[in-house]
Amino acid sequence: MCKKKNEKTIKKNIIENTMDQLIVRKKAPIFGYILLSLLYIAASAIISLTAGNQTLLNFGGNTIAVYAFAGVFAALSNIFIIFIVVYYRKLGFYTALIFTGLQLVTVLLGIFKQHNLSSLPGAFTNAFTFIAAIIIFVNNMRLEKFQERLCDQAVTDRLTELPNRFACSELLNELIRRNEKFAIVSIDLNNFKSINDTLGHNAGNAVLTEIAKRWKNAADTEESGTLDFVTRQGGDEFSLIIRNYRSDADIIRTIKYYEDVLGKRLTVDECDLFMTASFGYAEYPADAKTSDALFSCADAAMYEIKRINSSDHIMRFSPEMLKTEHTLEMEKKIRTALDDGKVFFKLQPQYDLSHKLRGFEALARIEDTDGQILNPSEFVPVAEKVGLIDKIDLIVFKASAEFFGRLIRETGADIMLSVNVSVRHLMKNGFLEEVKAIVDSCGVPARQIEIEITESVMIDSAEKALNCINEIKKMGLKIAIDDFGTGYSSLSYLSDFPADLLKVDKSFIDKMNASDSSKKYVAAIISIGHIMNFKVISEGVEEPEQLETLKSIGCDYIQGFLWGSPMMPEEAGRLVKNSINA
Ligand code: C2E
Ligand code: MG
Ligand code: MG
């Protein structure tokens, strides 16, 4: 029992030491103090030996009296005193007081007893050093107090006085350095915002302070059975570091203990509140190896438990959750790009099989804050999930249509502009009005604009989508079915679908030349398209052999790196002008 307690005390010291290191300034080594004191004593001894000595020494023909060296060593001894006060604070100050005091007494005795007035300048120097030591010491102490307060503020949360996020990550780093197993728990209070909204910020602060007090007390009493450390991350978010546990069950028991402590009635402004929180946790070293990654894992678990809205409020991290974290990060990037006007488009040319330019597909791009360009495969799935895809679609549609309008006015080119529209966007109220407004203002004839919709529109959107597509057709625009072959659209549905173009997905073109049956499959798709009166374009054509095969099976158009990758609008403009001149 006693041994166990001892072990706990040692382990607890890690926290205290880390906190001390963060708050207390590093002390100068004691051996420096001893050295400076010895140097001072040596200098003082030399002074007393040389002070009254009238002997003349000969240095290369120049004679110097021995007592002249006393002045040099007096200056040195004062410098040692100043160093002692600067570096050894209180101890240094008292040492300086004793040393200068003793020296002063000796000098004064010399003056009054032996009537040796040559020591008078020494007495003044001594007194000035004494005053300088006091001034330096007082200033040093003031500065130190100020520094300590600053350090303290840097690691302490001002509202709750718990250690803050910085202190928490320092402690995690220290535990990682010691390779000690621990769990980090991210805690977010449930419905805290409604307390702020209904009772006001002061009540919100009172709630946070009370919770902090309870949890700090819980950690200090160690009643949870583990060694815990509570910090506030900011807002209504806290963190708990759990150490000295044996199994996952111990971690959960400890978290439940904190949940119980939190759940006890809390009275603020005469209102009784019963708080709950969401707890997500991750373990070192099992889940991640750095403090940042551990925070992310615990946060991901906490967001997950919030998202599924379960009655159980505790969730352990698992790697799939990082996807949720990824979604959050990407959503932030998309929102920032939308706010900063960093959504733009590239144009990829489409050709007929004689290499005549048919037109371009506008493809969205996002410039990240670090200047990196993000591709749709990274941001379109997230944009669709979080409901931002319509904004991206519209920016690309509007900007590319305006560019095309200028290009057509300049060159008179009879080329198509294809834009992608997500099914979710198509189904939104107001979509048709948006399309109409763009078509009316851009100056591109409606028949030269094509809207690409993925095949999935036929599966899961039924009548509303079909009505919408019919309206688009009425405006005179063309419709393309994108990524054809990847969904499960039935032939009967396809025959009723008012499309103009089928886009055969790249995956079929990739394997088309690998076997005879794959080639026949693509040939069959093209034939069906033609039977339904659609034109057919093959996507992702990269190799001359693919081009030859597509020619032989009657494909109408191609789009692919072989004849043109997505390019900036200016380059597309030059391509159009060249193709007209040719
Ligand atoms: P998609 O509409 O099928 O566009 C064709 C994609 O294939 C483009 O990728 C294009 O760069 C790529 N590609 C074309 N030729 C080749 C080739 O020869 N080899 C290879 N490896 N790839 C080729 P991107 O630009 O990354 O776009 C991916 C998808 O993102 C698009 O597929 C489209 O579904 C979606 N998307 C792009 N822009 C938008 C937009 O503004 N709105 C919406 N809703 N979706 C968009
Ligand atoms: Mg497309
Ligand atoms: Mg496609």
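Parameters at a glance
- Residues numbered from 1 in each chain as written.
- Chains lettered and ligands numbered in written order.
- Predicted model: local features only at pLDDT ≥ 70, side-chain atom pairs only at ≥ 80, totals over all residues.
- Heavy atoms only, no water.
- Pairing = 2+ DSSP bridges.
- Helix = DSSP H or I, 4+ residues; strand = E, 2+ residues; numbered from the N terminus.
- Axes fitted to C-alpha atoms, helices over the stretch in contact; angles between N-to-C directions.
- Contact = heavy atoms within 4.5 Å.
- Donors = N, O, S within 2.8 Å, 3.2 Å for Na, K, Ca; no water.
- Buried < 20%, exposed > 50% of the residue type's maximum accessible area, 1.4 Å probe, protein only.
- Near = heavy atom within 4 Å.
- Polar contact = N/O pair within 3.5 Å; in protein donor to acceptor, adjacent residues only side chain to side chain.
- Areas by Shrake-Rupley, 256 points an atom, 1.4 Å probe, with all protein chains shown as cover.

**Digging into the sheet that holds strand S9 (residues 314-316)**
Strands sit in the order S4-S5-S3-S8-S9 across an open sheet of 5 strands; the sheet is mixed. Strands with a single pairing partner mark the edges of an open sheet, and in this sheet they are strand S4 (227-234) and S9. If you compare each strand with its neighbour and ignore which way they point, the axes differ by 20° on average. Relative to strand S5 (residues 237-243), S4 runs antiparallel, the two sharing 7 bridges. Note that in S5 the partner of Asp228 across the bridge is Ile242. Helix-sheet contacts for helix H10 (residues 291-308) involve strand S3 (182-189), S4, S5, strand S8 (277-284) and S9, and the interaxial angle to S8 is about 145°.

**Thoughts on unusual backbone geometry**
Peptide bonds are, in most cases, trans, and in most cases residues other than glycine have a negative phi. In this model, Tyr284 is joined to Pro285 through a cis peptide bond whose omega is 5°. Although it is not a glycine, Arg89 sits at a positive phi angle of roughly 30°. For Arg89, the location among the structural elements is in helix H4 (residues 89-112). Positive phi is not limited to glycine here, since Glu161 has a value of about 65°. As for its placement among the helices and strands, Glu161 is situated in the loop between helix H5 (120-155) and helix H6 (165-177).

**As for the coordination of the magnesium ion (ligand 2)**
Within the protein, the atoms that donate to the magnesium ion (ligand 2) are Glu361 (OE), Asn420 (OD1), Glu452 (OE) and Asp482 (OD), at distances of 2.0 to 2.2 Å. One chain supplies every donor for the magnesium ion (ligand 2), spaced along it as E-x58-N-x31-E-x29-D. Taken as an interatomic distance, the gap from the magnesium ion (ligand 2) to the magnesium ion (ligand 3) is 4.2 Å; Asp482 donates to each of them. With Glu361 in strand S11 (residues 357-367) and Asp482 in strand S15 (residues 478-484), this residue pair connects regions lying 121 residues apart in the sequence. The buried category is assigned to Asp482, whose relative accessible area is 6%.

**A few points about the coordination of the magnesium ion (ligand 3)**
Looking at the magnesium ion (ligand 3), one finds its protein donor set to be Asp482 (OD), Asp483 (OD), Glu539 (OE) and Glu539 (OE), positioned 2.0 to 2.4 Å from the metal centre. Spacing between the donor residues of the magnesium ion (ligand 3) along their common chain follows D-D-x55-E.

**Brief notes about the site of ligand 1**
In the neighbourhood of ligand 1, 22 residues make up the surrounding shell, with Asp393, Asp482, Glu539, Glu542 and Phe561 lying closest. The side chain of Asp393 places a nitrogen or oxygen atom 2.5 Å from a nitrogen atom of ligand 1. Within the side chain of Glu539, one N or O atom sits 2.8 Å away from an oxygen atom of ligand 1. Here ligand 1 loses 82% of its free accessible area of 800 Å² to cover by the protein chains. Counting only elements with at least two residues in the shell around ligand 1, the list comes to S11, helix H13 (389-411) and S15. Among the elements that line the shell around ligand 1, the one with the most residues is S11, at 4 residues.

**Quick notes on the side chain of Ser278**
Summarising the element assignment, Ser278 is placed in strand S8. Separated by 2.7 Å, the side chains of Ser278 and Asn190 make a polar contact.

**Side note on the pairing of S15**
For S15, the buried fraction is high: 5 of the 7 residues fall into the buried class. Pairing analysis gives 5 bridges linking strand S14 (residues 449-454) to S15, with the strands arranged parallel. For Ile451, the partnering residue across the bridge sits in S15 and is Ile479.

**A closer look at the environment of Gln153**
Following the sequence through the fold, Gln153 ends up in helix H5. Along the chain, Gln153 and Pro163 lie 10 residues apart, while their C-alpha atoms are 9.3 Å from each other.

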